[in-house]
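So you can see what is in the structure, the chains are spelled out below.
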Amino acid sequence: MGRVVMLVLGTLLGLFVLFNFLLPMVLWLLKIALIIGVVALLVFVVVTVMGKSSRSH
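So, here's what we can say about the structure.

Rules and cut-offs
- Residues numbered from 1 in each chain as written.
- Predicted model: local features only at pLDDT ≥ 70, side-chain atom pairs only at ≥ 80, totals over all residues.
- Heavy atoms only, no water.
- Helix = DSSP H or I, 4+ residues; strand = E, 2+ residues; numbered from the N terminus.
- Rg over C-alpha atoms; globule rule 2.2 N^0.38 Å.
- Areas by Shrake-Rupley, 256 points an atom, 1.4 Å probe, with all protein chains shown as cover.
- Phe/Tyr/Trp six-rings, centres within 6.5 Å; stacked < 30°, edge-to-face > 60°.
- Buried < 20%, exposed > 50% of the residue type's maximum accessible area, 1.4 Å probe, protein only.
- Expected span 1.5 Å × (residues − 1).
- Bend = angle between axes of the 7 residues up to and from the residue.

## Quick notes on the overall build of the chain
What the chain contains, in helices and strands, is one helix and zero strands. The globule rule puts the C-alpha radius of gyration for 57 residues at 10 Å, and the 24 Å found for the chain is more than 25% above it. Its C-alpha atoms put the chain at 80 × 15 × 5 Å along the principal axes. Roughly 5,400 Å² of accessible area belongs to the chain as shown, and the carbon and sulfur atoms make up 83% of that amount.

What follows is the structure in structure tokens.
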């Protein structure tokens, strides 16, 4: 009986840590990566357009 109670408590504590600490951290990292990716894409597009416009002159 004691093992079952400890197993349930351990599972609940693990789920608590997962949903309150790990998932928000992972989502925050994904958001930062998405922002960096969008900025890199904009820089790539600007450099490509500038390169093509300077080549045509």
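## Re the packing of aromatic side chains
For the coordinates displayed, the defined rule picks out one aromatic pair. Centroid distance Phe16 to Phe21: 6.2 Å. Interplanar angle 85 degrees. Geometry classified as edge-to-face. Relative accessible area serves as the criterion here: at 47%, Phe21 is assigned to the partly exposed category.

## What about helix H1 (residues 2-55)?
With 54 residues, H1 extends 77 Å from end C-alpha to end C-alpha; this agrees with the ideal 80 Å at 1.5 Å per step. Roughly 35 degrees is the biggest bend found in H1, and it falls at Leu18.

## Here we look at the environment of Thr48
Looking at the secondary structure, you find Thr48 in helix H1. As a C-alpha pair, Thr48 and Pro24 span 24 residues in sequence and 36 Å in three-dimensional space.

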